[in-house]
Amino acid sequence: MATRDVCSGVTFEQFTSTRLPGLLRYAVVLTGDRELAQDVVQEVLARAQVKWRQIDRADSPDAYVRRMVVNEYLSWRRSWAVRNVRAVGERLEPIGDARAMHRDHAQSVVDADDLWARLATLPRKQRAVLVLRYYEQLDDVAIADLLDCAPATVRSNASKALKNLRLTSEQQTRVHEKELT
Amino acid sequence: MNQDADQLREAFVAHEYLAPDAAEVLAVAHVRARRYRRRRRAAQGAGGAVLGAGLVASSVAAAGWLPNNNGRHDGSTVSLAAPPPLPNPSVSASPSPLASPSPFASPALVSSPTPLSSSQQEAALNAYFAAGYDYDNALALAQLWHMSGDPTTVKAEAGRRLLAGQTLPITPSPSAVASAAEDTDVSAFFAAGYTYGDAVTLAKLWNGSDTYQAKIDAGKKLIAGETLPIAPGSQPTAPTVVTGSSDSAGTADLNAYFAAGYTYEDALGLASLWKIADAYQVKVDAGAKLLAGQTLPIAPGSQPTPAAEISSEAAASADENAVNKFFSAGYTYDDAVTLGKMWTVGDTYQVKIDAGQKLLAGQTLPIKP
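As the structure is a prediction and not an experimental result, all values here were calculated from the model.

Caption draft 1: Here's a closer look at the overall build of chain B. Assigned secondary structure in chain B consists of 15 helices and zero strands. Of all 369 residues assigned to chain B, the portion counted as buried reaches 39%. For chain B, the share of sequence-separated contacts (at least 6 apart) that also reach a separation of at least 24 residues comes to 79%.

Caption draft 2: Examining the overall build of chain A more closely. The number of helices and strands found in chain A is eight helices and zero strands. Taken from N to C terminus, the helices and strands of chain A fall in the order α-α-α-α-α-α-α-α. Put simply, chain A has 181 residues, and 51% of those count as buried. At a minimum sequence separation of 6, the contacts of chain A that also span at least 24 residues come to 71%.

Caption draft 3: Molecular detail of the packing of helix α1 (residues 12–31) of chain A against helix α4 (residues 61–74) of chain A. Residue and element names in this part refer to chain A. Contact geometry of α1 with α4 gives a least axis separation of 11 Å together with a crossing angle of 30 degrees. Both α1 and α4 take part in a crossing whose hand is right-handed. Of the residues in α4, those touching α1 at Phe15, Arg19, Leu23, Tyr26, Ala27, Leu30 and Thr31 are Pro61, Asp62, Val65, Arg66, Val69, Val70 and Tyr73. For the contact of α1 with α4, the residue count by class is 10 nonpolar, one polar and three charged.

Caption draft 4: Structural context of the nonpolar core. In terms of nonpolar packing, the biggest core is built from 90 residues, with Ala27, Leu30, Val41, Val69 and Val131 of chain A touching the most fellow members. Here Val41 of chain A is in contact with Leu23, Leu24, Ala27 and Val69 of chain A together with Val25 of chain B, once residues within four sequence places are set aside. With 18 residues, the next largest nonpolar core counts Phe129, Leu144, Met147 and Ala156 of chain B among its residues.

Caption draft 5: Seen up close, helix α14 (residues 333–343) of chain B. All names here are of chain B. Three or more residues of α14 are buried, namely Asp335, Ala336, Leu339 and Gly340. The buried residues of α14 occupy one face: seen down the axis, they fall within an arc of 140 degrees. One or two residues past the end of α14 sits Thr344, with phi positive at roughly 50 degrees.

Caption draft 6: Seen up close, unusual backbone geometry. All names here are of chain A. For Gln137, which is not glycine, the phi dihedral falls at a positive 60 degrees. On the basis of neighbour counts, which here come to 21 C-beta atoms within 10 Å, the residue Gln137 falls in the buried class. Of note in the backbone geometry, Asp148 takes a positive phi value of approximately 60 degrees without being a glycine. Locating Asp148 in the fold gives a position in the loop between α7 (140–147) and α8 (151–180). For Asp148, a count of 21 C-beta atoms within 10 Å corresponds to the buried category.

Caption draft 7: Spotlight on the environment of Thr263 of chain B. All names here are of chain B. When you line up the elements, Thr263 lands in the loop between α10 (245–259) and α11 (264–274). The class of Thr263 is buried, set by 20 C-beta atoms lying within 10 Å. Considering only alpha carbons, one finds Thr263 and Pro304, 41 residues apart in sequence, at a separation of 9.9 Å.

Caption draft 8: Focus on the confidence of the model for chain B. Residue and element names in this part refer to chain B. For chain B, per-residue confidence averages 71 on the pLDDT scale, and 67% of positions sit at 70 or higher. In the model, residues 47–109 has pLDDT below 50 throughout and makes 118 contacts with residues more than four positions away in sequence or in other chains. The low-confidence segment residues 238–247, where pLDDT is below 50, has seven contacts with residues more than four positions distant or belonging to other chains. Reported confidence for the predicted complex is 0.79 by ipTM and 0.51 by pTM.

Caption draft 9: Examining the packing of helix α5 (residues 135–145) of chain B against helix α6 (residues 151–163) of chain B more closely. Residues and elements named next belong to chain B. The interhelical angle for the contact between α5 and α6, taken along N-to-C directions, is 90 degrees, at an axis separation of 9 Å. Classified by the angle their axes make, α5 and α6 are roughly perpendicular. Residues Tyr135, Ala138, Leu139, Leu141 and Ala142 of α5 touch α6, and the partners they reach there are Pro151, Val154, Lys155 and Ala158. Its residues assigned to classes, the contact of α5 with α6 shows eight nonpolar, no polar and one charged.

The rules we used
Residues numbered from 1 in each chain as written. Chains lettered and ligands numbered in written order. Predicted model: local features only at pLDDT ≥ 70, side-chain atom pairs only at ≥ 80, totals over all residues. Helix = DSSP H or I, 4+ residues; strand = E, 2+ residues; numbered from the N terminus. Buried ≥ 20, exposed ≤ 12 C-beta atoms within 10 Å, placed from the backbone. Contact = placed C-beta atoms within 7 Å. Axes fitted to C-alpha atoms, helices over the stretch in contact; angles between N-to-C directions. Left-handed = near helix turned anticlockwise from the far one by under 90°. Nonpolar A, V, L, I, M, F, W, Y, C, P; charged D, E, K, R; others polar. Core = buried A, V, L, I, M, F, W, Y, C linked by C-beta atoms within 7 Å. Arc of directions from axis to C-beta. pLDDT = per-residue confidence, 0-100. Parallel < 35°, antiparallel > 145°, perpendicular 65-115°, else oblique.

Below, the structure is given as structure tokens:
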């Protein structure tokens, strides 16, 4: 959690003035969808504002609100998925490709977009685990606490997510090769 | 595996720019907060029995609604959920009122949730939310049913019962009912072919800033058979990312940062050196310095990947081996559930790992495959 510090004893307005931009970036990475991120954070902030006294008593209001965001995302029931269909790029390389360390910047941008599109195909919980582990830099015990499950379940979700990302990539590469031949 | 982590981080940070506009989000949040306060006051004013989920569940047990007051009913339940370390953030503003005690409450206990496929689970969750239940209600149900662990499992079990025509022992909270009604409106909006871009335009036409509210209002009109002032899909649907001059500059700074070979871990290192909490801002600042011809205090790629990440991947691989061993020995999901009850482990996946590890160690399990 090197990217955050503790900010207790602050008003809701002080909190949003300093933390909202980071919270929105977190939400968009978590959801993979700008509109959904907006809906989720709006909803969370509305509820957080109503019970700010309770949140401010927590050890870290920032962590508390981020937990609200991930819970809101995981239980989001509105039919966003149907309007979130994304065209996944044709040219994909397996995640973990040995060339990854030596790609030029332009290639990195293309790869990041491809991977972003593949991430959109993951179940929400698997995606959340990857975001919490690799973007939020949380360890599996902290993620398990956040998601209210066992660390083994976190590892299982992460493992399945990485496997799914590789499978998607391999399938598409195969389709692409078939098209070429 | 570290390359996976690097690629994922790159993908994540490369799309941070999609973050919505903070001022717009905050304005809408304020409007909704006022609405929630009004709802809460209305609920309290109605004199309903508004009790916290935990309190009510305790009262339920104490009143003898449960077959056994000691928290166990048939010896087959998992342990009672421990109270969370923090007050749960997903709990809605107003606590969930529970139904008054009734005969249908007592047989509602769950010995073990019925395993559902992912599509069945999705359908069950949809049914749960469509009936107006929320996260708060799931916590109450978990206590009534003595289920611990993932609240999603509780919601799915409750949804499965609703789909089977059964009644749940609690009533939905008023805020969740309102939310479910909003869902119907929003679904009608999208089902008619309207898009987010359309909602933005409608919000402007109706002198509002809340695009979500516009979707609700529009959906209500559509359900009522009215027509909207714009055609479905007539407005731009692509995300309208704000690309003002400062954002463009920020993007250029970010590009410069990554083009120089710096990584996300480097940004964390710089954040620590510069005492800046926001790693994104660090990257922008660092990129600006690079563009200005300055050098950074650390070399590109010099910051190590956290050791915890590497060890967690190794643990994941060991878990997978154990689970594979469990299934290859002929055991099934139901066996794992049975073992979980014997070992009082609520997490079935953990049971499979424990059992698999025993099998790998040459031990036998207390049940046959």
